[in-house]
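Structural description and commentary
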Amino acid sequence: MSKVSYKNLLLKKNKSPITCLTAYSKPIANLLDGKVDLILVGDSVGTTLYGMKNTRGVTLEMMKNHGKAVVRNTKYSMSIVDMPYNTYRNKKEALGNAKELIASTKADFIKIETDKKNIEIVKYLSDNKIKVVSHIGVTPQKFSDFKKIKSVGKESKDADDLLYLATELEKVGSKFIVMECINEKVANKITNILSIPTIGIGSSKHCDGQVLVIDDILNFNSKIKKPKFVKNFANIEISISVAINNFVRSVKKRKFPLRKHSYK
Ligand code: KIV
């Protein structure tokens, strides 16, 4: 098996869907590597792993640490690391932090949440050889309360704005566009107009690829209410609960540890 290249992924456009899942740790990176095209170290780490209310408390240090753990254990898939909130407010800050994040994680791409105000930042990063993934539509760093998140693009003005944004982002050098919770027709139109791949999350099947948070597909953190676009592909909490109950029962009944688990 050889490492996925950006050229491979460009060739998949309009042919074969691109797959992407999040990872924040070595064991998950090991499981995903070579099975998905792209591994995203998302700032969803804040809500998913650290129990934060939103992603705004995620720091560059956190992304560096999780990024390092993942990329170090990824040989075949390509990797993307999120730039956290307030780390790309102007060109200079964005470039300094993007360089730092790439130098310490060795990720293939960085991802930033984009609107028309920071197209210039994407251009500046691209001009300075940073490979950028732009995240448009619903951009979670704008929300302090995830319950307020609604899909976008239904109104024709919003649809036009999204179309303009996506085409400008391609022009200034974005390598992929992640589209979150964008109306189906608009997602389809953007995907057809662009030559770079679109990766959807809650943006219908009309995207060149799909991304989800790994904990969501495993139904981990099941007590947290999930958006409509999430599908459970497994029920990991059941397996974990069985293991915990078996451990507790075995210890209480003195069935664990046995001699083979002890040192003489
Ligand atoms: O942070 C994240 O995991 C993301 C995906 C949900 C697209 O940005």
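Heads up: the structure comes first, above all this text.
Here is what the cut-offs are and how they apply
For every chain, the first residue of the written sequence is number 1, and numbering continues from 1 onward in sequence order. Local features in this predicted model are restricted to residues of pLDDT 70 or higher, and side-chain atom pairs are both shown and tallied only at a pLDDT of 80 or more, whereas totals for entire chains, interfaces and linings draw on every residue. Each side-chain value is worked out from all heavy atoms of the structure, with water and hydrogens disregarded. Buried, partly exposed and exposed residues are distinguished by accessible area as a fraction of the type maximum, computed with a 1.4 Å probe on protein chains only: under 20%, between the cut-offs, and over 50%, respectively. Note on conventions: DSSP H or I runs of at least 4 residues are helices, E runs of at least 2 residues are strands, and numbering of each starts at the N terminus. When the strands point away from the viewer, a crossover counts as right-handed if the route from the first strand across the helix to the second turns clockwise. Think of it this way: DSSP has to see at least two bridges between two strands before they count as a pair. Each salt bridge in this description consists of a side-chain nitrogen of Lys or Arg and a carboxyl oxygen of Asp or Glu lying within 4 Å of one another. Take the number of residues in a helix, subtract one, and multiply by 1.5 Å to get its expected span. Only heavy atoms enter the contact rule, under which two residues are in contact if any of them lie within 4.5 Å. In the analysis that follows, any N or O atom pair within 3.5 Å is treated as a polar contact, provided that within protein one partner can donate a hydrogen and the other can accept it, and provided that, for residues neighboring in sequence, both atoms belong to side chains. Cavities and pockets are defined on a 1 Å grid built over the protein atoms alone: a cavity is a set of grid points where a 1.4 Å probe fits but cannot escape, while a pocket is an open set with protein on both sides within 12 Å along at least five of seven lines, and lining residues are those with an atom within 4 Å of any such point. Grid points are joined across faces, edges and corners, and a volume is the space filled by probe spheres set on the points. Note on residue categories: nonpolar means Ala, Val, Leu, Ile, Met, Phe, Trp, Tyr, Cys or Pro, charged means Asp, Glu, Lys or Arg, and polar means any other residue, Gly included.

Brief notes about the pairing of strand 4 (residues 109-113)
- Where burial is concerned, most of strand 4 is hidden: five out of the five residues are buried.
- Burial along strand 4 is two-sided: the residues Phe-109, Lys-111 and Glu-113 and Ile-110 and Ile-112 are all buried.
- Following the backbone out of strand 3 (residues 78-82), through helix 5 (residues 91-105) and into the adjacent parallel strand 4, one traces a crossover that is right-handed.
- Two strands pair when backbone bridges link them, and strand 4 and strand 5 (residues 132-137) are joined in this way by four bridges, in the parallel orientation. Pairing of Ile-110 across the sheet is with Val-132, part of strand 5.
- Crossover strand 4 to strand 5 through helix 6 (residues 119-127) is right-handed.

A word on the pattern of salt bridges
- Taken as a whole, this structure holds 11 salt bridges when the rule is applied.
- Residues Glu-61 and Lys-64 are paired through a salt bridge, measuring 3.1 Å at the closest nitrogen-oxygen approach. Placement of both Glu-61 and Lys-64 in helix 4 (residues 60-71) is noted, with a separation of three residues, approximately one turn of the helix.
- Where Lys-171 meets Glu-168, a salt bridge forms, and the shortest distance between an N and an O atom there is 2.9 Å. One end of the pair is Lys-171 and the other is Glu-168, both in helix 7 (residues 156-171) and three residues apart, which spans about a single turn.
- Taken together, the shared-partner salt bridges connect Glu-61, Lys-64 and Glu-100 into one network.

A short note on helix 5
- An ideal rise of 1.5 Å per residue puts 21 Å on 15 residues; helix 5 measures up with 21 Å between its terminal C-alpha atoms.
- Buried positions along helix 5 lie against helix 4, strand 3, strand 4 and helix 6.
- Backbone nitrogen of Lys-92 and a side-chain oxygen of the N-cap are separated by 3.2 Å at the start of helix 5; the cap is Asn-90.
- Note on helix 5: the residue one or two positions beyond its end, Lys-106, has a positive phi of about 65 degrees.

Comments concerning empty space enclosed by the protein
- Taken as a whole, this structure holds one cavity of 30 Å³ or more when the rule is applied.
- Quantified by volume, the largest cavity comes out at close to 30 Å³.
- Lining the largest cavity are Cys-20, Leu-40, Ile-80, Lys-111, Val-178, Ile-199 and Val-211.
- Partitioning the lining of the largest cavity into residue classes produces six nonpolar, no polar and one charged.

Describing helix 7
- Across its 16 residues, helix 7 extends 23 Å between first and last C-alpha, which sits within 8% of the 22 Å expected from 1.5 Å per residue.
- Of all the residues in helix 7, the buried ones are Ala-159, Leu-162, Leu-163, Leu-165, Ala-166, Glu-168 and Leu-169.
- Two residues or fewer after helix 7 comes Gly-173, characterised by a positive phi angle close to 115 degrees.

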